[in-house]
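Residue-level listing of the chains:
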Amino acid sequence: MKKILALLLALALLLPTVAMAELNRVSEDPVEFTFWAAYNPTFQTDWENMKCWKYLEEATGVHIKWELYTLNEMKAKLGITLAGGDPSVLPDAFFRCNITDTQLKKYGPEGMFLDISKLVREYAPNLCQKMDDMNAWGSMLDPETGALYATPTLKDSISSRILPNFYFNKHMMENVGWTTGAPKTTDELYDLLVLIRDNDANGNGDPGDEVGITSNSLTRIMNLFSGAFGINNRGREDLCVDADPADETKVRYVYTTEEYRKMLSYLNKLYTNNLIDSNIFSLKTSSMVALGSQNQIFGLAYHSLAAAGIDEADYIGMDEPIQGPDGYKAWNTTDSGIYKGAFVISANCKQPEMLVKWIDNLYTYEGSLLINFGKEGEDWHYNEQHLPTWNDYILDQVNENTNYDLVTAQVSCYASGNVPCWFTDETFPGAQCRGLGYETSQKLAPYTNQQAWLFNFTIEEAEEVSALKADINTNCHDVWRADFIKGAKDVNDDAVWNEYVQQIESLGLEDMMYLYQTALDRMLETK
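Residues numbered from 1 in each chain as written. Predicted model: local features only at pLDDT ≥ 70, side-chain atom pairs only at ≥ 80, totals over all residues. Heavy atoms only, no water.

Considerations on the sheet that holds strand β10 (residues 315–317)
Next up, step 1: If you walk across this open sheet you meet the four strands as β6-β9-β5-β10, and the pairing is mixed. Each of the sheet's edge strands pairs with one partner strand only, and the pair in question is β6 (211–214) and β10. On average, adjacent strands in this sheet sit at an angle of 20° to one another, irrespective of strand direction.
Next up, step 2: Across four bridges, the pairing between strand β5 (residues 165–169) and strand β9 (residues 297–302) is antiparallel. Bridge pairing in β9 links Tyr167 to Leu300.
Next up, step 3: The strands touched by helix α11 (residues 218–226) are β5, β6 and β9; relative to β6, the strand with the most contacts, the crossing angle is about 90°. (Pairing = 2+ DSSP bridges. Helix = DSSP H or I, 4+ residues; strand = E, 2+ residues; numbered from the N terminus. Axes fitted to C-alpha atoms, helices over the stretch in contact; angles between N-to-C directions. Contact = heavy atoms within 4.5 Å.)

With respect to the sheet that holds strand β1 (residues 31–38)
Next up, step 1: The strand order across the open sheet formed by six strands is β2-β1-β3-β11-β4-β14, and the pairing between neighbours is mixed. Lying at the two open borders of the sheet, with one neighbouring strand each, are β2 (62–69) and β14 (422–423).
Next up, step 2: In this sheet, strand β11 (residues 338–345) lies alongside strand β4 (residues 151–155) in antiparallel orientation, the contact comprising three bridges. Its bridge partner lying in β11, Thr153 is registered against Tyr339.

Some details on the pairing of β11
Next up, step 1: A large share of β11 lies buried, amounting to seven of its eight residues.
Next up, step 2: Note that strand β3 (residues 93–95) and β11 share three bridges and pair antiparallel. Looking across to β11, one finds that Ala93 is bridged to Ile345. (Buried < 20%, exposed > 50% of the residue type's maximum accessible area, 1.4 Å probe, protein only.)

As for a negative patch on the surface
Next up, step 1: Taken together, the side chains of Glu144, Glu460, Glu463, Glu464, Glu510 and Asp511 present a region of like negative charge at the surface.
Next up, step 2: At the level of elements, α19 (459–486) and α21 (509–525) are the ones that each hand at least two residues to the negative patch.
Next up, step 3: By residue number, the principal contributor to the negative patch is α19, which donates three residues.
Next up, step 4: Its location among the elements puts Glu510 in helix α21.
Next up, step 5: The exposed category is assigned to Glu510, whose relative accessible area is 69%. (Patch = residues over 30% accessible without salt bridge, like charges linked within 9 Å, V, L, I, M, F, W, Y side chains within 5 Å. Areas by Shrake-Rupley, 256 points an atom, 1.4 Å probe, with all protein chains shown as cover. Salt bridge = Lys/Arg side-chain N within 4 Å of Asp/Glu carboxyl O. Lys, Arg positive; Asp, Glu negative; His and termini not counted. Charge placed at Lys NZ, Arg CZ, Asp CG, Glu CD.)

Observations concerning the side chain of Asn223
Next up, step 1: Relative to the assigned elements, Asn223 resides in helix α11.
Next up, step 2: Ignoring sequence-local partners within four residues, the contact set of Asn223 consists of Leu163, Pro164, Arg236, Leu239 and Thr333.

Description of the packing of aromatic side chains
Next up, step 1: Evaluation of the coordinates by the stated rule reveals 35 aromatic pairs.
Next up, step 2: Ring geometry for Tyr271 versus Phe281: centroids 5.8 Å apart, planes at 65°, classification edge-to-face. Placement of Tyr271 in helix α12 (residues 258–272) and of Phe281 in the loop between α12 and α13 (285–293) is noted, with a sequence separation of 10 residues between them.
Next up, step 3: The class for Tyr271 is partly exposed, based on a relative accessible area of 22%.
Next up, step 4: Residue Phe281 is classed as partly exposed on the basis of its relative accessible area of 33%.
Next up, step 5: When the centroid spacing of 5.8 Å and the interplanar angle of 40° are considered together, the rings of Phe484 and Trp497 count as tilted. Here Trp497 lies in helix α20 (residues 494–506) and Phe484 lies in helix α19, a separation of 13 residues in the sequence. One exposure class covers both Phe484 and Trp497, and it is buried.
Next up, step 6: Among the aromatic residues, those joined into a cluster by ring pairs are Phe35, Trp47, Trp53, Trp66, Phe95, Phe343 and Trp358.
Next up, step 7: Seen from the ring of Trp137, Arg121 lies directly overhead, with NZ or CZ sitting 4.2 Å from the centre.
Next up, step 8: Above the face of the Tyr190 ring, Lys269 is positioned so that its terminal group lies 4.2 Å from the ring centre. (Phe/Tyr/Trp six-rings, centres within 6.5 Å; stacked < 30°, edge-to-face > 60°. Lys NZ or Arg CZ within 6 Å of the ring centre and 35° of its normal.)

Regarding the confidence of the model for the protein
Next up, step 1: Here the protein averages 93 in pLDDT, and 96% of its residues register 70 or above.
Next up, step 2: Low pLDDT, under 50, characterises residues 1–21; the stretch is placed with six contacts to residues that sit more than four places away or in other chains. (pLDDT = per-residue confidence, 0-100.)

Overview of α20
Next up, step 1: With 13 residues, α20 extends 18 Å between its outermost C-alpha atoms, agreeing within 8% with the 18 Å of an ideal straight helix rising 1.5 Å per residue.
Next up, step 2: Turning to α20, its buried residues number three or more, namely Val496, Trp497, Tyr500, Val501 and Ile504. One side of α20 carries all its buried residues, which in axial view fall inside an arc of 135°. Relative to its buried face, α20 has exposed residues pointing more than 90 degrees away, namely Ala495, Gln502 and Ser506.
Next up, step 3: Looking at the buried residues of α20, the elements they touch are β8 (247–253), α12, α19 and α21.
Next up, step 4: Taking the backbone nitrogen of Ala495 as reference, a side-chain oxygen 2.9 Å away marks Asp493 as the first, capping residue of α20. (Expected span 1.5 Å × (residues − 1). Arc of directions from axis to C-beta. Polar contact = N/O pair within 3.5 Å; in protein donor to acceptor, adjacent residues only side chain to side chain.)

Let's talk about the nonpolar core
Next up, step 1: Counting 73 residues, the largest nonpolar core has Phe225 and Tyr260 as the members making the most contacts within it.
Next up, step 2: Take this core: its biggest share by element is eight residues, from α21.
Next up, step 3: When sequence neighbours within four positions are dropped, the list of residues in contact with Tyr260 reads Met222, Ile231, Val254, Tyr255, His477, Arg481, Trp497 and Tyr500.
Next up, step 4: Ile64, Leu362, Leu370 and Trp422 belong to the second-largest nonpolar core, a separate cluster that totals 55 residues. (Core = buried A, V, L, I, M, F, W, Y, C linked by side-chain atoms within 4.5 Å.)

Quick look at the structure:
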């Protein structure tokens, strides 16, 4: 009997290794590392018993001792600890602690963070391949020293990188007699919004409570139209600059172009005719969700309907981008998919090569599935779209008192984002990669900006750019933009527009663009 039990136990211990055969085992003997991690106390309090870590430990032989802090606690602790300059008080590694790019560049050379550039090239072939594929090296390496102080979150997932999508309430369209589906041009969209405004589109007897277009920020609404007006051809990472159409190796300042001027004119037309949310300058997620719960939203600019608290069965997505008056037809709303500071090894770590091998597992399809969904069969299954979907034991726990993030946190650490791994549309667990969000993104994918710039400034350059942007963008452009959209200043008046452009230029625009161009030249050269 004892022999049978021993055999069964041995077989049980082998099963995880078989199930995780694609993951690399770091150590045959158990090894422990201490991590600091930022967590959301609303739904992620028990990291020690989170299934993804148990599964990963079974596969790799690495046990993580977690020290958890809220985001605010982590920010304060990092500030004090790093300024102290003593690496002996640091953990082995930092997991999604939101360490800033400036902190990496400042405290890495000062001996607080480990330069893992050589270790990554030797022990992390999966990460290296993904960095190559996504042209991430130029954004991640220290521009002065070539050091690598962190491994990134990499989203090789168009559905998670598009923000926003554009959704329309199909019942409202039917109620106003619109039968041709999503609008194809900016003129068609205007005509449809007028019908929504004038015909009690939601049928509740109140002819004025429908909101033509809303979101949780003005930026999201403006992003809807960037591709239709020929701007932001390098995505939404930094909206004030894109590639000069005459020479794509040169930076162009977007906010003084004629294309941007035409977009502001169109937004002014929508705003002054009550076709978009009248609270466009003070939008919040809570207000967006409140409107959705009352069936008042016609057009939604957001990444997913589920995240906005709206039933996607009531909406349709776009089949193609809206075309602008000059023939532009693109969806320039994707970012680079590269997010810095997700995983950092401290100078206090005694076996950094093990942690590099360990983290490399998360840049594989299998490792990404494991950390975000758990085990196939036990926690999730493939649906008819061949996308991982939670099993019923998970979904059945979701109710009005127990939200989705709280339930899935039994298995995954994904909630709150910034997980250091490689995401695909399949392995990304966010709502935008499922259902109508996924379908809409796939249709828009051929029209998205194929490149997205993530600038990598030196500390000195970053400080200069930040100061210049405060004057040029925040204190000047943002004020004029609001006046142009409201109609307080006439964007179509050449004298008014020229006054605006001259004020922008007088605040140091040439100096700021020189810094951007320097960073771009460096990024294009780095492989």
